[in-house]
Amino acid sequence: MTVSPPDRPGRHNLDPHVTRYAARTAGMTASEIRALFAVASRPEVVSLAGGMPNLAALPLDSLSTQIADLIAEDGLVALQYGSAHGIPLLREQICEIMALEGISAHPDDVVVTVGSQMGLDMVTRLFCDPGDVVLAEGPSYVGALGSFAAYQAQVIHVAMDDEGLQPEALREALAQVAKAGKRVKFLYTIPNFHNPAGVTLTASRRPEILEICRSHGVLVVEDNPYGLLGFEGQTYPALRSTDPDNVVYLGSFSKTFASGLRVGWVLAPHAVREKLVLAAESATLCPPTLNQLIVSRYLSTHDWKGQIKTFRENYRERRDAITSALEQYMPAGCSWTNPDGGFYVWVTVPEGVDTKAMLPRAVTARVAYASGTGFYADGFGSRQMRLSYCYPTPERIKEGVRRLAAVLEAEMDLVRTFGNVSMRPISGPETPSPDTA
């Protein structure tokens, strides 16, 4: 019998299982700001942190009737196990939705998932061995960084500007990896209304990005939860629509219908689809049939395009509120993106201010945000913060920015007086949570 070695004398370990964990758990770290957001959820705190959709515009009365009818009519199916592939009708409806962005797909190549986060996790599990390289925009979605870390992939960030991912920066990153004797498994990108940066990859850059990846033998993973939420009703051609054989597409109903149902999907080349179904079976056996049927019936019986239009108008009003408040209140030296869709504004503060160190003081002042370091795998982002405008009312947004500006002014005064005295350690990706979604 093998016995785990005891701790050294005088050392007490609070976790008796610590020697049993797999090595990959070393990359799984809890969000250092999660405890703060427990406070931030109080009603007196204006939270500009979490990316929670504003569901107040949903037709809840109609939905409740439809769900009751669904249980009454098809309860024996809805409450039973289903296929790991997803119900056929919903997969057909998903193909109709993706057609709005130029994607021509067969329902057999769609795999329904428990949110697109599950799809991202499965794709990473299928393609990444420990030490493999993943390219991702800098900054990038914290949930993606958490999955990459969990599978011990090395993330190399690729720079963005106001037009999205920079093609030349992508070439440089690929050359850097090749020089190190490593191989890039895939490029992870959020081309539309980026989380957290709020920018969109221009149509002129999209073919170039795809050509660079194809010529270097690099798969593209396109994450597109916000694509139908352009404030002027605009949709951009999906990367998948141009290069279906080299792009895995992730979609979700969390932003365009109901996040709590956790229904997303992966559209993959046929051979990859087969492995995704096997991975889904091992992870969850099958996605919840009831939730899929709710989404399918909603798409069949409601004006879902009109509902998305309502969401767009609500979020555009909130975008206008936050950009106006930033102009009015933020001190000199700050800059921010101006999104034309989605949920987020990415703010850069003056040199010397550490947004992660400042966060507890902001919460004390009854405003919360997501500090930039959580959106990088390499410790960068200390001068950035993500502000989410999707959930609060325009009035609350304005008040939240006013409070945040006052905290930032005080922080800048401290920097001017004492210099940058932050001893913040380098931090990496954090386990995703609704606070940073």
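Residues numbered from 1 in each chain as written. Predicted model: local features only at pLDDT ≥ 70, side-chain atom pairs only at ≥ 80, totals over all residues. Heavy atoms only, no water.

### Details of the overall build of the protein chain
Quick note on the threshold: We count a stretch as a helix when DSSP gives it H or I for four or more residues in a row; a strand needs E for two or more, and each element gets its number in order from the N terminus. Whether a residue is buried, partly exposed or exposed follows from its accessible area with a 1.4 Å probe, protein chains only, as a fraction of its type maximum: under 20%, in between, or over 50%, in that order. Contacts are assigned to residue pairs with any non-hydrogen atoms lying within 4.5 Å of each other. Calculation of accessible area relied on Shrake-Rupley with a 1.4 Å probe; when residues are assessed, cover is drawn exclusively from the protein chains displayed.
Along the backbone of the protein chain there are 14 helices and 14 strands. Across the 437 residues that make up the protein chain, the buried fraction comes to 54%. Here the contacts in the protein chain between residues at least 6 apart in sequence split such that 77% fall between residues at least 24 apart. For the protein chain, the accessible area works out to roughly 19100 Å², and carbon and sulfur atoms hold 54% of it.

### Description of the packing of helix H3 (residues 88–98) against helix H11 (residues 289–301)
To keep things clear, this is the line we draw: The angle between two axes is taken between their N-to-C directions and runs from 0 to 180 degrees, where each axis is a line fitted to C-alpha atoms and a helix contributes only its stretch in contact. Here the angle decides the label: under 35 degrees means roughly parallel, over 145 means roughly antiparallel, 65 to 115 means roughly perpendicular, and every other value means oblique. Each crossing gets its handedness from the near helix: less than a right angle anticlockwise from the far helix is left-handed, clockwise is right-handed. Gly falls in the polar group here, along with every residue not listed as nonpolar (Ala, Val, Leu, Ile, Met, Phe, Trp, Tyr, Cys, Pro) or charged (Asp, Glu, Lys, Arg).
Close contact between H3 and H11 brings their axes to 9 Å; oriented N to C, the two are set at 50°. The angle between H3 and H11 places the two elements in the oblique class. Remark: the crossing between H3 and H11 carries left-handed chirality. Mapping the contact onto sequence places Leu89, Leu90, Gln93 and Ile97 in H3 and Gln292, Val295, Ser296, Leu299 and Ser300 in H11. Here the residues of the contact of H3 with H11 are counted per class, giving 5 nonpolar, 4 polar and no charged.

### Considerations on helix H6 (residues 167–179)
We count it as follows: Here a helix's expected span is defined as the number of its residues, less one, multiplied by 1.5 Å. It is the directions from the helix axis to the C-beta atoms whose arc is reported.
Over its 13 residues, H6 extends 18 Å from the first C-alpha to the last, a length consistent with the 18 Å expected when each residue adds 1.5 Å. Of the positions making up H6, those classed as buried are Pro167, Ala169, Leu170, Ala173, Leu174 and Val177. The buried residues of H6 occupy an angular sector of 160° when the element is viewed end-on, so they sit on one face. In H6, the exposed positions that point more than 90 degrees away from the buried face belong to Glu172 and Lys179.

### Section: a nonpolar patch on the surface
Put simply, the test is: Patch construction takes residues with relative accessible area above 30% that form no salt bridge. Like charges are linked within 9 Å, and nonpolar side chains (Val, Leu, Ile, Met, Phe, Trp, Tyr) are linked within 5 Å. Criterion for a salt bridge: a side-chain nitrogen of Lys or Arg within 4 Å of a carboxyl oxygen of Asp or Glu.
Taken together, the side chains of Ile67, Ile71 and Leu79 make up a nonpolar region of the molecular surface, amounting to roughly 250 Å² of accessible area. Summarising the element assignment, Leu79 is placed in the loop between helix H2 (60–78) and H3.

### So, the sheet that holds strand S5 (residues 164–165)
Note the following rule: At least two DSSP bridges between two strands are required for those strands to pair.
Spatially, 8 strands are ordered S2-S9-S8-S7-S6-S3-S4-S5 in an open sheet, and the strand pairing comes out mixed. Of all strands in the sheet, those bounded by a partner on one side alone are strand S2 (110–113) and S5. In this structure, strand S3 (residues 133–138) lies alongside strand S6 (residues 184–189), joined through 4 bridges in parallel fashion. Opposite Val133, over in S6, you have Val184 as the bridge partner. Together, S2, S6, strand S7 (219–223), strand S8 (247–252) and strand S9 (264–267) form the strand contacts of helix H4 (residues 115–127), whose direction differs from that of S8 by roughly 155°.

### Quick notes on the packing of H6 against helix H7 (residues 206–215)
Viewed as axis vectors pointing N to C, H6 and H7 meet at an angle of 10°, and their least axial separation amounts to 10 Å. Taken together, the axes of H6 and H7 lie roughly parallel to each other. Along its contact with H6, which presents Pro167, Leu170, Arg171 and Leu174, the element H7 presents Glu208, Ile209, Ile212 and Cys213. Partitioned by chemical class, the residues of the contact of H6 with H7 number 6 nonpolar, no polar and 2 charged.

### Let's talk about the pattern of salt bridges
Tallying each qualifying case throughout the model produces 17 salt bridges. Two residues, Arg383 and Glu351, come together in a salt bridge whose shortest N-O distance is 3.3 Å. Note that Arg383 is positioned in the loop between strand S13 (370–371) and strand S14 (384–388) and Glu351 in the loop between strand S11 (344–348) and helix H13 (355–364), a separation of 32 residues in sequence. On the basis of relative accessible area, Glu351 is assigned to the exposed category, the value being 63%. A single salt-bridge network, built from bridges that share partners, covers Glu73, Asp74 and Arg297.

### Re the packing of aromatic side chains
Inclusion rule: Here the aromatic set is Phe, Tyr and Trp, taking the six-membered ring for Trp, and pairing holds for ring centres within 6.5 Å; pairs whose planes are under 30 degrees apart are stacked, those over 60 apart are edge-to-face, and all others are tilted.
Overall, the coordinates contain 13 aromatic pairs when judged by the stated rule. Between Phe311 and Tyr315 the ring centres are 6.1 Å apart and the planes differ by 15°, which places this aromatic pair in the stacked class. Residue Phe311 and its partner Tyr315 are located together in helix H12 (residues 304–329), separated by 4 residues, close to a single helical turn. Each member of the pair, Phe311 together with Tyr315, is buried.

### Here we look at the environment of Arg383
We classify Arg383 as partly exposed; its relative accessible area is 27%. Excluding residues that lie within four positions of it along the chain, Arg383 makes contacts with Val347, Thr348, Val349, Pro350, Glu351, Val353 and Thr355.

### Focus on the sheet that holds S11
Spatially, S10-S11-S14-S13 is the arrangement adopted by the 4 strands of the open sheet, whose pairing is antiparallel. Sheet topology places strand S10 (335–336) and S13 at the edges, where each strand pairs with a single neighbour. Examined bridge by bridge, S10 and S11 share 2 bridges and lie antiparallel to one another. Each bridged residue has a counterpart across the sheet, and for Trp336 the counterpart in S11 is Val347.

### What to know about the confidence of the model for the protein chain
Heads up, the rule is: pLDDT expresses how confident the predictor is about each individual residue, on a scale running from 0 to 100.
Per-residue pLDDT for the protein chain has a mean of 91; in total, 90% of the residues score no lower than 70. A low-confidence stretch, residues 423–427 stays under pLDDT 50, and its non-local contacts, those more than four residues away or across chains, total 13 contacts.

### Digging into the nonpolar core
Inclusion rule: Among the buried residues, those of types Ala, Val, Leu, Ile, Met, Phe, Trp, Tyr and Cys that are joined through side-chain atoms within 4.5 Å form a nonpolar core.
Residues Leu90, Met98, Phe253, Phe257 and Leu387 are the most contacted members of the largest nonpolar core, which totals 71 residues. Looking at which element gives the most residues to this core, the answer is H12, with 8 residues. Ignoring anything within four residues of it in the chain, the contact list for Leu387 reads Leu48, Ile322, Leu326, Phe343, Tyr344, Val345, Val347, Tyr369 and Leu404. Judged by nonpolar contacts, the second largest core, of 34 residues, contains Leu250, Ala280, Phe375 and Tyr376.

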